[in-house]
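What the coordinates show
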Amino acid sequence: MKTTLMRCLLLATLVSVTVLTSAQEKEDTLCIGEIFVRDAAPVKSIFKTENDSCIDNYIVVNNDNIFELHGQDYPMGTYPVRWVLTETSDRTILHCYIMMTRTYFHDVYLGGIDKASIVDLETGKIYEARGSYDPQVWNRAFNIAAPIGTVLDFPIEFPLLPKETKMVFVYGVPLCNLNGVGDAHNGINIRDNNFGGYDETPHLKLPRLIKEESADYNPDDWDTWAAYDNIHTVRPCKDGLMALWRTPEKTYITVAYEQNWRTEYFCFDNFMFTDRANPSKVYEVKKIQGLPDGHHLFMSHAEPGSWVCFTLEFDPLPLSAQNLYLAYNPEGKPGEIDSNEFYVNTLRSNQKYFEYYKPDVTTLDASPMAVKTTKLDVRHYEFILVDSKTKKKVMNAKAYLLDEKAQLLSSTSCGLLAVPQFDVTKRKAVINADGYEPVVLSMSKYKPGKEYTIRMNRLPNADKEK
């Protein structure tokens, strides 16, 4: 084993640099994936290399062009991974990049067994992968050895995607966590991304103040909160969907929330982010367009079932920023906080979802339905219990409804006996009261919804016992 490992390390020093013929022509970038840390353990335990030898041919690339976080210490037993989707004149290429954080990795699995493919979200058409640059890295597990800090490229070739393709999913590439997404708004947007430069300042509809916040604002008293209507709305989307606009003066993040009620409350007390390349600088909310301070709750008035949008302003992001670590209110509710890593251009590509859309509300223009109604009290028998001698009301009585087999169906501690919706002709009611003889009533003699007076006889010696 030690001899084999040394042979792998020797191979790493004499690594053969492979270049795809297709890569010699100009490649246009379609989309860039986020950087994430992969566990050095096998991607799928069922895929194992046949022996401990390493692959022979590698594609080595410039570290600085792929991983901006050069020199960062990654947890022991992990390595960073990133993908970039490109195209040439005759094919689409998915580049899967690995940075070596140690000299040897075993049981690496790129794809192939699970039939890697790209799926067009709009048409549903599937584009199957042909493979990678070398059979050694495709349709099997493999070992790699290279000096620490080396970045290796494992490209996968697909058929050329049509020019009209806008959003896709990638399946069957576990090395880069690409196996579908499950939500359209998390798909891979291509061709309509702007990877460089700044965006135009967004001009979304501002909320209209309909009730001012009280001078004695109290988060526990909604009567002191401000209220707004005429809020920017968009077509139904994922709750909490975000889009980012990057300008030289400010950074804008717009969030869409589902309005569940005609009047609903929101708050942005937990909303900030950091640039992964410069984590020491924290970007906090400077302003919420048209709304009060981010720590104050407010009321949103809109149609239930619409998606309302709020725009938050931050300090400007440098053009070099590509990954954000964002802390936010997942549902816009106070005290709630979630955190995740977002790719700047993924958020920028979501801008198209925030085009204003006014919900089309249809109401019924017809006369009320004609139905036969039944008053609830027709299912009740009301008995007034009185002493047969004194005519005074008997209190603290209980009534028991029995079926034809004398099984208890229901009981009550007052004179109002509720009867279920079944035939009561064979049912009997037994009424008990302290100091009185039980009274057995045949329910077929009584009609629900009416009041009856029941005389109760006192038990012999009841007064003496008392």
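Residues numbered from 1 in each chain as written. Predicted model: local features only at pLDDT ≥ 70, side-chain atom pairs only at ≥ 80, totals over all residues. Heavy atoms only, no water.

**Concerning the overall build of the protein chain**
The number of helices and strands found in the protein chain is four helices and 35 strands. The 466 residues of the protein chain split such that 46% are buried. Surface exposure of the protein chain reaches about 25200 Å², of which carbon and sulfur atoms provide 51%. (Helix = DSSP H or I, 4+ residues; strand = E, 2+ residues; numbered from the N terminus. Buried < 20%, exposed > 50% of the residue type's maximum accessible area, 1.4 Å probe, protein only. Areas by Shrake-Rupley, 256 points an atom, 1.4 Å probe, with all protein chains shown as cover.)

**Concerning the nonpolar core**
Counting 43 residues, the largest nonpolar core has Leu94, Leu110, Ile144, Phe154 and Val173 as its most contacted members. When contributions to this core are tallied by element, the ones reaching two or more residues are strand E2 (28-32), strand E6 (78-87), strand E7 (91-99), strand E8 (104-109), strand E12 (141-145), strand E13 (151-159) and strand E14 (167-171). With 29 residues, the next largest nonpolar core counts Tyr257, Phe271, Val308 and Leu326 among its residues. (Core = buried A, V, L, I, M, F, W, Y, C linked by side-chain atoms within 4.5 Å.)

**Some remarks on the pairing of strand E25 (residues 298-301)**
Taken together, the three bridges between strand E17 (residues 226-229) and E25 define a ladder with parallel strand orientation. Residue pairing across strands places Ala226 opposite Phe298, the latter belonging to E25. The pairing of strand E21 (residues 263-266) with E25 spans four bridges and is classified as antiparallel. If you follow Thr263 over to E25, its bridge partner there is His301. (Pairing = 2+ DSSP bridges.)

**So, the pattern of salt bridges**
Pairing between side chains of opposite charge can happen when the charged atoms of each approach one another. Evaluation of the coordinates by the stated rule reveals 13 salt bridges. For Arg276, the salt bridge identified is with Glu341, shortest N-O distance 3.5 Å. Within this pair, whereas Arg276 is found in the loop between strand E22 (272-275) and strand E23 (278-284), its partner Glu341 is found in strand E28 (residues 338-343), the two being separated by 65 residues in sequence. On the accessibility criterion, Arg276 (34% relative accessible area) is partly exposed. It is possible to trace a salt-bridge network through shared partners that takes in Asp90, Arg91, Arg130 and Glu157. (Salt bridge = Lys/Arg side-chain N within 4 Å of Asp/Glu carboxyl O.)

**Things to note about unusual backbone geometry**
Despite not being glycine, Asp107 has its phi angle at roughly 55°, a positive value. Relative to the elements of secondary structure, Asp107 occurs in strand E8.

**Notes on the sheet that holds strand E9 (residues 117-120)**
If you walk across this open sheet you meet the four strands as E10-E9-E14-E15, and the pairing is antiparallel. If you trace the sheet from one side to the other, it starts and ends with strand E10 (126-128) and strand E15 (188-189), each paired once. As paired strands, E9 and E10 are joined by three bridges and run antiparallel to one another. Across the sheet, Ile118 pairs through a bridge with Tyr127, a residue of E10.

**Brief notes about the sheet that holds E21**
Pairing within the open sheet is mixed, and its four strands lie in the order E16-E17-E25-E21. Each edge of the open sheet is held by one strand with a lone partner, namely strand E16 (208-211) and E21. Within this sheet the neighbouring strands show an average axis-to-axis angle of 35°, counted without direction. (Axes fitted to C-alpha atoms, helices over the stretch in contact; angles between N-to-C directions.)

**Remarks on the environment of Asp269**
Note that Asp269 resides in the loop between E21 and E22. Along the sequence, Asp269 and Leu297 sit 28 residues apart, while their C-alpha atoms lie 8.7 Å from each other. In this structure Asp269 touches Gly294, His295, Asn329, Lys333, Pro334 and Gly335, once residues within four positions along its chain are discounted. A polar side-chain atom of Asp269 sits 2.9 Å from a polar atom in the side chain of Asn329. (Contact = heavy atoms within 4.5 Å. Polar contact = N/O pair within 3.5 Å; in protein donor to acceptor, adjacent residues only side chain to side chain.)

**Notes on the environment of Ala321**
By the element assignment, Ala321 lies in the loop between strand E26 (307-314) and strand E27 (323-328). Of the residues examined, Ala321 reaches a relative accessible area of 3% and is grouped as buried. Along the chain, Ala321 and Val344 lie 23 residues apart, while their C-alpha atoms are 7.3 Å from each other. The residues contacting Ala321, other than those within four sequence positions of it, are Arg246, Asp275 and Val344.

**Digging into the packing of aromatic side chains**
Summed over the entire model, instances satisfying the criterion amount to 22 aromatic pairs. Relative to Phe354, the ring of Trp245 lies with its centre 6.2 Å away and its plane at 75°, an arrangement referred to as edge-to-face. Separated by 109 residues along the polypeptide, Trp245 in strand E19 (residues 241-246) and Phe354 in the loop between helix H3 (344-349) and strand E29 (380-387) bring together distant segments of the chain. When sorted by exposure, Trp245 lands in the same class as Phe354, which is buried. Ring geometry for Phe271 versus Phe314: centroids 6.3 Å apart, planes at 40°, classification tilted. With Phe271 in the loop between E21 and E22 and Phe314 in strand E26, the pair connects residues that are 43 residues apart, well separated along the chain. (Phe/Tyr/Trp six-rings, centres within 6.5 Å; stacked < 30°, edge-to-face > 60°.)

**Thoughts on a negative patch on the surface**
Together, Asp216, Asp220, Asp221 and Asp223 make up a negatively charged patch on the protein surface. Along the chain, Asp216 falls in the loop between E16 and E17. (Patch = residues over 30% accessible without salt bridge, like charges linked within 9 Å, V, L, I, M, F, W, Y side chains within 5 Å. Lys, Arg positive; Asp, Glu negative; His and termini not counted. Charge placed at Lys NZ, Arg CZ, Asp CG, Glu CD.)

**Some words on the side chain of Asn143**
Mapped onto the secondary structure, Asn143 falls in strand E12. Accessibility expressed as a relative area gives 2% for Asn143, which makes it buried. Polar contacts involving the side chain of Asn143 include one to the main-chain carbonyl oxygen of Asn51, which spans 3.2 Å. Reaching out from Asn143, the side chain makes a polar contact with the side chain of Tyr104 at a distance of 3.3 Å. Those residues in contact with Asn143, other than ones at most four positions away along the chain, are Thr49, Asn51, Asp52, Ser53, Cys54, Ile55, Tyr104, Phe105, His106 and Asp107.

**So, the pairing of E12**
Taken residue by residue, a regular strand's side chains alternate between the two faces of the sheet. For E12, a buried count of five out of five residues is recorded, marking the element as mostly surrounded by other parts of the structure. Judged by which residues are buried, E12 turns out to be covered on both faces: Ala141, Asn143 and Ala145 on one side and Phe142 and Ile144 on the other are all buried. Bridge analysis of E8 against E12 gives four bridges, and the strand direction is antiparallel. Its bridge partner being in E12, Tyr104 is matched across the sheet by Ala145.

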